[in-house]
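Geometric and topological summary
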Amino acid sequence: MGMIYSNYDRLKMITKKICNEKEYINFLKFSSKFYDQDYKNQLLIYLQYPGATKVNTFTDWKKEGRNVKKNPRKIFLYGYYRRKKDDLLNGQIDIEGNQKNKRKETIEYFNGLPYRKTCNYDIEDTYLDRNKKVKNKFEFQFCCSEQEFMDCLMQISSTKIIEEKDDKIMGDISICSNLSLHQNISLVIHQMCHFIVGKKLDFDNKRLEKFAGETVGFLVANYFGFDISIYKFTEISEFKELKLENKIDLGTFIQRESKEIINMISERIKNKEQICA
């Protein structure tokens, strides 16, 4: 097979690769680490380096006080493209008499929209620049109990959470009295995500809607370290039949919904712990 140069070609390859349940689950475990990345870039990182943990451009690593090693592994992604009046700058003379020329960029199109093709590197291919002082970023770490986590879910859930023995009303999320708290949290995340996706997606194909809800729930549960064994992707055949652009559209919806839920839970826990501190 010839060498792949475009990110579009890479997307075609990886979306075919993840169209079986085992490989799809592996991708979801990976992508939950990059939950705030654009879905297309999640796929591209996974294809080019499944062992990646944190990915940045050369410039962004420099801002974090890190240098890129020699002969690093290159990871090509889509970058935000903003059209500028480069033609006015190109060929101008600066105050030192040097001619200004705009930097050459590779522009790729997906679904009619332009993107910059950016070269990125995993943190594994960087090292700390000890001559540069960088302000340490404080990363909040959760230390709440499982009961406090369940309380947060009950507060943010748009539908009532009840015990299984109670009379269940349509739309309610149920918990089982014979399960552990850890298992019940996984159950609540599963049902809550299906409920949210069902409200926002109006698909005639209910199997595809179920597939989306299952994926969002998996990403949220895996991110917070809860049980993911209850998740099944028997509807992946529906995803497989979609055109590439439709797969990306659905995946983008899934990524945005899971990011929103993760951030909502994280913010609620963070605020709760700051109050208790």
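This write-up is about the structure you can find in this document. (Residues numbered from 1 in each chain as written. Predicted model: local features only at pLDDT ≥ 70, side-chain atom pairs only at ≥ 80, totals over all residues. Heavy atoms only, no water.)

The description of two packed helices rests on the angle between their axes and on the distance between the axes. One way to put it is that helix α2 (residues 21-31) packs onto helix α8 (residues 206-223) with a least axis distance of 9 Å and a crossing angle of 45°. If you check the angle between α2 and α8, you find them oblique. Crossing angle aside, the handedness with which α2 passes α8 is right-handed. In this structure, α2 uses Y24, I25, L28, K29 and S31 to contact α8, whose residues at the interface are F211, T215, F218, L219 and N222. (Axes fitted to C-alpha atoms, helices over the stretch in contact; angles between N-to-C directions. Helix = DSSP H or I, 4+ residues; strand = E, 2+ residues; numbered from the N terminus. Parallel < 35°, antiparallel > 145°, perpendicular 65-115°, else oblique. Left-handed = near helix turned anticlockwise from the far one by under 90°. Contact = heavy atoms within 4.5 Å.)

On to the pairing of strand β5 (residues 113-122), then. A regular strand carries its side chains on alternate faces of the sheet. Note: strand β1 (residues 55-57) against β5, three bridges, orientation antiparallel. What sits directly across from V55, in β5, is D122. Alignment of strand β3 (residues 75-79) against β5, held across five bridges, turns out to be antiparallel. Across the sheet, residue Y78 finds its bridge partner in β5, namely K117. In this structure, strand β4 (residues 107-110) lies alongside β5, joined through four bridges in antiparallel fashion. Its bridge partner being in β5, F110 is matched across the sheet by L113. (Pairing = 2+ DSSP bridges.)

Turning to the pairing of β4, a few remarks are in order. The side-chain alternation of β4 yields one buried face, formed by E108 and F110, and one unburied face, formed by I107 and Y109. In sequence, β4 turns back onto β5 through a hairpin of two residues, with N111 there showing a positive phi of about 55°. (Buried < 20%, exposed > 50% of the residue type's maximum accessible area, 1.4 Å probe, protein only.)

This brings us to helix α6 (residues 146-156). Within α6, burial applies to F149, M150, C152, L153 and I156. Across the axial projection of α6, the buried residues extend over an arc of 155°, all falling on one side. (Arc of directions from axis to C-beta.)

Taken as a whole and judged by the stated rule, the model has 17 aromatic pairs. When the centroid spacing of 5.0 Å and the interplanar angle of 50° are considered together, the rings of Y78 and Y115 count as tilted. Of the two residues, Y78 sits in strand β3 while Y115 sits in strand β5, which places them 37 residues apart along the sequence. According to the relative accessible area criterion, Y115 is buried, its value standing at 18%. On the numbers, 4.8 Å between centres and 50° between planes, the contact of F149 with F226 is tilted. With F149 in helix α6 and F226 in the loop between α8 and α9 (236-240), this residue pair connects regions lying 77 residues apart in the sequence. Exposure class is identical for F149 and F226. Each is buried. Taken together, Y24, F211, F218, Y231, F233 and F239 form an aromatic cluster joined through their ring pairs. Between R73 and the ring centre of Y49, over which it is positioned, the NZ or CZ distance is 3.7 Å. Sitting over the face of the ring of F239, K247 holds its NZ or CZ atom 5.7 Å from the ring centroid. (Phe/Tyr/Trp six-rings, centres within 6.5 Å; stacked < 30°, edge-to-face > 60°. Lys NZ or Arg CZ within 6 Å of the ring centre and 35° of its normal.)

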